[in-house]
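Structural description and commentary
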Amino acid sequence: MTDLAQAANDAIRSASPALYDLLSPLGRRVAFPPDIPFQAAEARGRELNGTIGQITDGRGGAVALPSLVSALDGLPPERRNRALLYSPVEGLPELRAAWRAWQRRGQSAARPSSLPLVTVGLTHGLALAADLFGGEGRAVAVPSPFWGNYRQTFATRTGARMLSSPAYRNGRFDPLFAVRALADEPDGEPAVAILNLPSNPGGYSPTPEERGEIRAGLVRIAERRPLVVLCDDAYAGLVFEPDIPRHSMFWDLLDAHPSLLPVKIDGATKELSFFGGRVGFLTFPFEPESAAARALESKVKCLVRAGLGSPVATSQVVVLAALESGRAEAEVEEARQLLEARYRVLREALDGVDRDLLQPRPFNSGCFALIELGPAVVASADALRRHLLERHDTGLTSIGERHVRIAFCSVEQRALPELVRRLEVGASEVGSS
Ligand SMILES: Cc1ncc(COP(=O)(O)O)c(C=O)c1O
């Protein structure tokens, strides 16, 4: 353990003993080292700066290949320069500030949130959270079915244990899935819960009453053990029913209980429809200048430096341009409306399916609809998936033994009724075989 890691741990323990208990062995060991990026950051803006190994004109300008520069033609020269040079390990400061403002739309200034750290997509944000709070044997509560990559991120990479409980009971979303998943865990053992809303693969966002139940359930867990709640807000804002809240539950969980620490993982991937850009963010429940936020930032920067060096500058500059354009909110709303139109058509088509074959789970948001196979379908979900590929020229995802997922975000509105027709016919064919 370095002195820096010790100091960061002390700052975290004094801000939140529960958060200190939640840190994995790796999470305790890390702190941003005072090596090249640290020293280069200190030297930024000095008249002479011979700290960093990037090729410049000596005045901070990139020595760029003209063919690369022409690909970035639309950017002002200063931004083009930023796109070509290294990003700080924590991300471009203007982007961090702009994303913080974006995240906090509609939230009171009194609610604490750190300056988001830039990650390479949400997957990287989740992997960093897994490094900090996962580790050998750590319990991670998820609803079932869940986005399968959580298993790789938490269990395969760090040795954590995935504990699941059904996302739906009697055809309805279960707000207490995390309580049930952790029911047999001993008191005092730190745990992680993942809250992915709108959900993948479910396409579900809770009602205000269900949000209250989720919060109360998580508080009940935190009364017995330190709990970090990872709010995976990949599909933030993509909500299609007027009575369903759109804001992240991260905000509802701040100050819920001293042993409950919400962490926000979000990004431009789906929220700004910038899938290839790989710009994500990791945000902690502390004010930007607090000792705890700084200590956590130091730890994350150590992990980023160890795994990637620094995040991609070019796509950060592109996201920043969108956020500063003044048009982002209206454009995001346009994308939401496009998906809402598809959602309505899909709902209507699914309302008419034979429940012995296909049982749609409640959905109201995000990019997906989840269908459980009905009692008349004896084949597995994967057999149905393969049948649809081979006989009906149609690709869907199978999840476990009994679920298929329709990603309506990637199918034209007018094609959705035909997709549902093929799914139903396919289910009847494999079901009767
Ligand atoms: C629930 C959820 N979390 C995280 C991610 C990963 O996002 P990214 O592509 O930014 O890594 C996805 C991507 O499909 C997702 O569905």
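Note that residues are indexed from 1 along each chain, following the sequence as it is written. In keeping with the predicted nature of the model, local features appear solely for residues at pLDDT of at least 70, side-chain atom pairs appear and are counted solely at 80 or more, and the whole-chain, interface and lining totals rest on all residues. Computation of side-chain values: all heavy atoms of the structure, hydrogens and water removed.

Examining the overall build of the protein
Helix and strand definitions here come from DSSP, where helices need a minimum of 4 consecutive H or I residues and strands a minimum of 2 consecutive E residues; each element is numbered from the N-terminal end. Looking only at helices and strands, the protein features 18 helices and 13 strands. The globule rule used here is 2.2 Å times the number of residues to the 0.38 power, and the radius of gyration it is set against is calculated over C-alpha atoms. Against the compact-globule benchmark of 22 Å for 433 residues, the protein has a radius of gyration of 23 Å, which places it among compact chains. Once the C-alpha set of the protein is aligned to its principal axes, its extents read approximately 75 × 55 × 40 Å. Residue burial in the protein is summarised as follows: out of 433 residues, 55% are buried. Pairs of residues are marked as contacts when any of their non-hydrogen atoms sit within 4.5 Å. Sequence separation of at least 24 residues holds for 70% of the intrachain contacts in the protein that already meet a minimum separation of 6. We get accessible surface area from the Shrake-Rupley algorithm with a probe of 1.4 Å; when it comes to residues, only the shown protein chains can shield them. Accessible surface for the protein amounts to roughly 19000 Å². Of this, 52% is attributable to carbon and sulfur atoms. His residues and chain termini do not enter the charge count, which takes Lys and Arg as positive and Asp and Glu as negative. The atoms used to mark charge sites are NZ of Lys, CZ of Arg, CG of Asp and CD of Glu. Within the protein, the 52 negative side-chain charges are centred at a point lying 2 Å from the centre of the 49 positive side-chain charges. A simple rule labels every residue: compare its accessible area, found with a 1.4 Å probe on the protein chains alone, to the largest value its type can have, and call it buried under 20%, exposed over 50%, or partly exposed in between.

Here we look at the site of the ligand
Around the ligand, the structure places 14 residues, and the nearest of them are Thr123, Asp232, Tyr235, Thr269 and Lys270. Two N or O atoms count as a polar contact when they lie within 3.5 Å, although within protein this holds only if one can serve as hydrogen donor and the other as acceptor, and sequence-adjacent residues are included solely when both atoms are side-chain atoms. Between the ligand and leucine 122 there is a distance of 2.8 Å, counted from an oxygen atom to a backbone nitrogen or oxygen. One nitrogen or oxygen atom from the side chain of tyrosine 235 is found 2.6 Å from an oxygen atom belonging to the ligand. Protein chains shield 90% of the accessible area of the ligand, which is 390 Å² for the free molecule. Counting only elements with at least two residues in the shell around the ligand, the list comes to helix H8 (121-133) and helix H13 (268-271). Ranked by the residues each element gives to the shell around the ligand, the list is headed by H8, at four residues. Only a single heavy atom is needed: when it lies within 4 Å of a molecule or strand, its residue is near that molecule or strand.

Looking at unusual backbone geometry
Omega for the peptide link from serine 144 to proline 145 comes to 0°, which places this bond in the cis form. Relative to the elements of secondary structure, proline 145 occurs in the loop between strand E2 (139-144) and helix H9 (149-158). Of note in the backbone geometry, arginine 278 takes a positive phi value of approximately 55° without being a glycine. If you trace the backbone, arginine 278 turns up in the loop between H13 and strand E9 (280-283). Residue classification places arginine 278 among the partly exposed residues on the basis of a relative accessible area of 32%. A positive phi angle is found at aspartate 393, which is not glycine, with a value near 55°. You can see aspartate 393 is positioned in the loop between helix H17 (381-392) and strand E12 (397-399).

Section: the packing of H17 against helix H18 (residues 416-431)
Axis separation between H17 and H18 bottoms out at 9 Å; the angle between their running directions is 115°. On the basis of their axis angle, the class for H17 and H18 is roughly perpendicular. The handedness of the crossing between H17 and H18 is right-handed. Listed contacts from H18 to Ala383, Leu384, His387, Leu388 and His392 of H17 are Arg422, Leu423, Val425, Gly426, Ala427, Glu429 and Val430. Geometry is summarised by axes, namely lines fitted to C-alpha atoms with helices restricted to the contacting stretch, and by angles between N-to-C directions that run from 0 to 180 degrees. Small angles under 35 degrees read as roughly parallel and large ones over 145 as roughly antiparallel, with 65 to 115 read as roughly perpendicular and the rest as oblique. In this scheme the handedness of a crossing depends on how the near helix is turned from the far one: anticlockwise by less than a right angle means left-handed, clockwise means right-handed.

Some details on H17
By this rule, a helix spans an expected 1.5 Å times one less than how many residues it contains. Between its first and last C-alpha atoms H17 spans 15 Å; for 12 residues at 1.5 Å apiece the expected length is 16 Å, and the two agree. Residues of H17 that are buried: Ala381, Leu384, His387, Leu388 and His392. Down the axis of H17, the smallest arc covering the buried residues is 115°, so these residues share one side. Structurally, H17 contributes buried residues whose contacts are with strand E11 (368-373), E12, strand E13 (403-407) and H18. Two residues or fewer after H17 comes aspartate 393, characterised by a positive phi angle close to 55°. As used here, the arc belongs to the directions running from the helix axis to the C-beta atoms.

Points about the side chain of serine 16
Take serine 16: it is sitting in the loop between helix H1 (3-15) and helix H2 (17-22). The contacts of serine 16, once residues within four sequence positions are left out, are Pro258 and Leu261.

Some words on the domain arrangement of the protein
Here the limits of each domain have been adopted from an automatic or database domain assignment. Considered domain by domain, the protein is made up of domain 1 (3-32 + 89-324) and domain 2 (330-431). The C-alpha-based centres of domain 1 and domain 2 are spaced at 29 Å. Counting residues at the interface gives 24 residues for domain 1 and 22 residues for domain 2. Summing the contributions of domain 1 and of domain 2, the shared interface buries around 1900 Å²; its carbon and sulfur component is 63%. When residues of domain 1 are sorted by the area they lose upon contact with domain 2, Pro201, Leu238 and Phe240 head the list and together hold 33% of the total. Only one rule defines a salt bridge in this text: a Lys or Arg side-chain nitrogen within 4 Å of an Asp or Glu carboxyl oxygen. Across the contact surface, domain 1 and domain 2 share two salt bridges. Each of two parts loses accessible area, computed with a 1.4 Å probe, when they are put together; buried area is these two losses added.

Focus: the pairing of E9
Both faces of E9 are covered, namely the face carrying Gly280 and Leu282 and the face carrying Phe281 and Thr283. By this definition, two strands are paired if DSSP reports at least two bridges between them. Pairing of strand E1 (residues 117-119) with E9, which is carried by three bridges, proceeds in the antiparallel orientation. In the strand pairing of E9, leucine 117 is matched with leucine 282. By the bridge criterion, four bridges tie strand E8 (residues 260-267) to E9 in an arrangement that is antiparallel. Each bridged residue has a counterpart across the sheet, and for lysine 264 the counterpart in E9 is threonine 283.

Considerations on the pairing of E11
The buried fraction of E11 amounts to five of the six residues, a majority that puts the element mostly inside the structure. Relative to E11, strand E10 (residues 358-360) runs antiparallel, the two being bridged by three bridges. Bridge pairing in E11 places proline 360 opposite isoleucine 371. Here E11 pairs with E13 via five bridges, running antiparallel. Its bridge partner lying in E13, glutamate 372 is registered against histidine 403.

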